[in-house]
Amino acid sequence: MSNIDFRKLAENFSFLVIGEVISKIFTFAAFAFLARAFGPIEFGHLEFVLAVMIFAMLFVDFGANPYGSREIAKAQQRIGEIVASLVGMRAILVIIAYGLLYGFSLFFFSHSPQLRRLTLLYGLSLFFIPFFLQFVFQGLEKMKWVAISSVIRQMVFAVGVFVVVMNIKRLWVVPCIEITAVFSLSLYCIYMLIFHVNTTGFKTNIEMIWSTFKEALPIGLSDITWAFMWYFATILLGLMTSGKEVGLFSAAFRPVMTLHTFVWLYFCNLLPSISRSVLEPKDVLDNLMHHSMTFLSWGTVFIGVIGLTMAEPLMILVFGNQFRESSAVIKILIWMIPLSSLGCHYRYSLIGYGYQKYEFIAQAAAAAVSVIMGFILIPIYAEIGAALSLVIAVSVNCLIVYVFVKKNIHHIPFLTRVIKPLLGGAGMVGLFFAVSSYNLWLAIIVSVVFYILAMMILQPEIRKILSLIISKQDGTKIGDLTLP
């Protein structure tokens, strides 16, 4: 019925997960070390600059990853042309981006030479982004290569942090380490493209670059508006409060973004399958979305419950007692994981079906909500207000992309696919707090066992999905699964 191979999808995702688990261990350990080494105030300064850099990096990339992955998945014979055009587009944008970054640092950091120096040093890492070629590997579904690229970058960064910062406790060394890491990633991508990808026609011109830019424009603008939704609160918090509040917020925000990386990777892996489903009957997309939502909802709700119940001991364990106050923030922020995973099913459906403009409108609306709520809530509640503004914005985005998919592609319901995980999560929370007054470890074990049993009882098709993933028979298709 369908040429979408669910087992292959799971295998590719497993490569991404393994790679990201390894790389995120390196990254998380490095930033936990940086937080402990510099304390909430200087760590807040570092995270403030990194939030600014997110906007610069997304401006340079400008949707190249999802756009390039989608186009290569559809026409592998055009790899050379696509790569050349995207590299050319990024090369032009990086010059503009660094100029804007320089102007920003002069205007906003005139009172702080340290922040200005930190920003301009980090800005040098932008010049390697044109050679981030993971979109080629994603389009070819060579997720092993994508995973290795992530490990290389984060391993170099983490090793640099532990070796250098341990001896030189100065913030300016951190961007120098990052430059070394992105340089290593660029070398790897170029090597893999030249020696392991069958490509021809590496040529482009200004007309092709302009055409590529116009095609990628909705995705690029959407990514920037996504950054407003996720990162503007950090910048606003830094401009309105002290470095300490930014440090406390960022200590909670960083683990949430680490977890969100796996959500992003999952949908990068799913995008080629969604793109190919354009040529199939709509029930193929419906099957794909149903089983994906079911599987992901149980996993992300579980993460939300763990964050809600175990926030304080986990924050103290990772970042130290000086970040105890961050536990109140993460109890709110953690629910961005299940919300964003739900919304991404609709967001990536819009991208896969060529409705980038609607995806951009949804992101822009959510970004506007994040900015407005940030201006309202941050002056009153500081880091708690920043967390609330993000959760509200992600919720708005989920609703809007759902409406656009329903109107332009197909009705893909979500309430029936998330209600059972939410019921299981509510039971897990109640059981945890009921037992935790007697013994914390017993409460963890009992509540986790309850959640797993609830998943197997309330959602028996989970067993069918798992059996397809571990099946040794080739060619199992998502279309072979029957909707309940």
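Our subject in this report is the structure included herewith. Counting starts from 1 at the beginning of each chain's written sequence and moves along it residue by residue. Totals for whole chains, interfaces and linings use all residues, but because this is a predicted model, local features are given only for residues with pLDDT of at least 70 and pairs of side-chain atoms are given and counted only at 80 or more. Side-chain measures were taken over the full set of non-hydrogen atoms in the model, leaving aside hydrogen atoms and water.

Brief notes about the overall build of the protein chain
Piece 1. Scanning the protein chain from terminus to terminus reveals 17 helices and zero strands.
Piece 2. Both definitions apply: the radius of gyration is a C-alpha atom measure, and the globule rule equals 2.2 Å times residues to the power 0.38. Scaling as 2.2 N^0.38, a compact globule of 484 residues should have a C-alpha radius of gyration of about 23 Å, and the protein chain matches this with 22 Å.
Piece 3. Projected onto its principal axes, the C-alpha coordinates of the protein chain cover approximately 70 × 60 × 40 Å.
Piece 4. Counting over 484 residues, the protein chain shows a buried share of 57%.
Piece 5. In what follows, a contact means two residues having at least one pair of non-hydrogen atoms within 4.5 Å. A separation threshold of at least 6 residues defines the contact pool for the protein chain, and within that pool the share at least 24 residues apart is 83%.
Piece 6. For the area figures, the Shrake-Rupley method with a 1.4 Å probe applies, and any residue is considered shielded solely by the protein chains shown. Per element, the accessible surface of the protein chain, about 19,800 Å² overall, is 69% carbon and sulfur.
Piece 7. By the counting rule applied here, Lys and Arg register as positive and Asp and Glu as negative, while His and the ends of each chain are not counted. Note that the charge is assigned to NZ on lysines, CZ on arginines, CG on aspartates and CD on glutamates. Charged side chains of the protein chain number 33 positive and 24 negative; the gap between the two group centres comes to 2 Å. Numbered from the N terminus, helices here are DSSP runs of H or I no shorter than four residues, and strands are runs of E no shorter than two. Each residue is assigned to one of three classes by its accessible area relative to the maximum for its type, calculated with a 1.4 Å probe on protein chains only: buried under 20%, partly exposed between the two thresholds, exposed over 50%.

Quick word on the nonpolar core
Piece 1. By size, the foremost hydrophobic cluster in this structure holds 135 residues, and its most contacted members are Val-136 and Leu-333.
Piece 2. Remark: nonpolar core denotes a set of buried residues (Ala, Val, Leu, Ile, Met, Phe, Trp, Tyr, Cys) joined through side-chain atoms within 4.5 Å. Core analysis: the second largest hydrophobic core is formed by eight residues, Val-305, Met-428, Tyr-451 and Ile-462 among them.

A closer look at the pattern of salt bridges
Piece 1. Within this document, salt bridges are pairs made up of a side-chain nitrogen of Lys or Arg and a carboxyl oxygen of Asp or Glu, the two lying within 4 Å of each other. For the coordinates displayed, the defined rule picks out eight salt bridges.
Piece 2. Across the pair Asp-61 and Arg-90 runs a salt bridge, and its minimum N-O distance is 2.4 Å. One end of the pair, Asp-61, is in helix H1 (residues 6-61); the other, Arg-90, is in helix H3 (residues 79-108), with 29 residues separating them in the sequence.
Piece 3. Using a relative accessible area of 10% as the deciding quantity, one classes Asp-61 as buried.
Piece 4. Notably, a salt bridge pairs Arg-347 with Asp-223, separated by 3.0 Å at the nearest N-O pair. With a gap of 124 residues between them, Arg-347 in helix H12 (residues 336-352) and Asp-223 in helix H8 (residues 206-240) connect regions that are remote in the sequence.
Piece 5. On the basis of relative accessible area, Arg-347 is assigned to the buried category, the value being 8%.

Some thoughts on the packing of H8 against helix H14 (residues 383-408)
Piece 1. An axis is simply a line fitted to the C-alpha atoms; with a helix, the fit covers only the stretch in contact. Between two such axes, the angle follows the N-to-C directions and lies from 0 to 180 degrees. Here H8 crosses H14 at 160 degrees, and the two axes come no closer than 9 Å. Taken together, the axes of H8 and H14 lie roughly antiparallel to each other. Relative to H14, H8 is oriented so that their crossing is right-handed. The segment H8 lies against H14, with Met-229, Trp-230, Ala-233 and Leu-237 engaging Glu-383, Ala-386, Ser-389, Leu-390, Ala-393, Val-394 and Asn-397.
Piece 2. Considering only residue class, the contact of H8 with H14 consists of eight nonpolar, two polar and one charged. For this classification, under 35 degrees means roughly parallel, over 145 means roughly antiparallel, 65 to 115 means roughly perpendicular, and everything else is oblique. Handedness of a crossing follows from how the near helix is turned relative to the far one, being left-handed for an anticlockwise turn of less than a right angle and right-handed for a clockwise one. For this classification, Asp, Glu, Lys and Arg are treated as charged, while Ala, Val, Leu, Ile, Met, Phe, Trp, Tyr, Cys and Pro are nonpolar and the rest, including Gly, are polar.

Quick word on the environment of Leu-431
Piece 1. With respect to the helices and strands, Leu-431 occurs in helix H15 (residues 415-436).
Piece 2. On a C-alpha basis, the gap between Leu-431 and Phe-62 in space is 46 Å, while along the polypeptide they are 369 residues apart.
Piece 3. Filtering out sequence-adjacent residues up to four positions away, Leu-431 remains in contact with Val-446, Ser-447 and Phe-450.

Considering a nonpolar patch on the surface
Piece 1. Two distance rules govern patches: like charges are joined within 9 Å, and nonpolar side chains (Val, Leu, Ile, Met, Phe, Trp, Tyr) within 5 Å, applied only to residues with over 30% relative accessible area and no salt bridge. Together, Ile-419, Leu-423, Ile-445, Val-449, Leu-453, Ile-457 and Leu-458 make up an exposed nonpolar region whose accessible area comes to about 660 Å².
Piece 2. Breaking the nonpolar patch down by element, the ones donating at least two residues are H15 and helix H16 (440-458).
Piece 3. The element best represented in the nonpolar patch is H16, accounting for five residues.
Piece 4. Positionally, Ile-445 belongs in helix H16.

Focus on the packing of aromatic side chains
Piece 1. Side-chain rings of Phe, Tyr and Trp, where Trp is taken by its six-membered ring, are said to pair if the distance between their centres is within 6.5 Å; with planes under 30 degrees apart they count as stacked, over 60 as edge-to-face, and otherwise as tilted. If you walk through the whole model with that rule in mind, you get 30 aromatic pairs.
Piece 2. Aromatic side chains Phe-28 and Phe-319 sit 5.8 Å apart centroid to centroid with 75 degrees between the ring planes, which places their arrangement in the edge-to-face category. Of this pair, Phe-28 sits in helix H1 while Phe-319 sits in helix H10 (residues 282-319), and the two are 291 residues apart along the sequence.
Piece 3. When the ring of Tyr-402 is compared with that of Phe-414, the centres are 5.1 Å apart and the planes differ by 85 degrees; the resulting orientation is edge-to-face. On the criterion of sequence distance, the pair formed by Tyr-402 in helix H14 and Phe-414 in the loop between H14 and H15 is long-range, its members being 12 residues apart.
Piece 4. We classify Tyr-402 as buried; its relative accessible area is 15%.
Piece 5. Using a relative accessible area of 22% as the deciding quantity, one classes Phe-414 as partly exposed.
Piece 6. Aromatic rings pair up to connect Phe-48, Phe-104, Phe-107, Phe-108 and Phe-109 into one cluster.

Let's talk about unusual backbone geometry
Piece 1. Within the chain, Phe-62 stands out as a residue other than glycine whose phi angle is a positive 50 degrees.
Piece 2. In this structure Phe-62 comes out as buried when scored by relative accessible area, which is 4%.
Piece 3. In this structure, Ala-382 is a non-glycine residue whose phi angle is positive, near 55 degrees.
Piece 4. If you trace the backbone, Ala-382 turns up in the loop between helix H13 (356-381) and H14.
Piece 5. A relative accessible area of 17% means that Ala-382 is categorised as buried.

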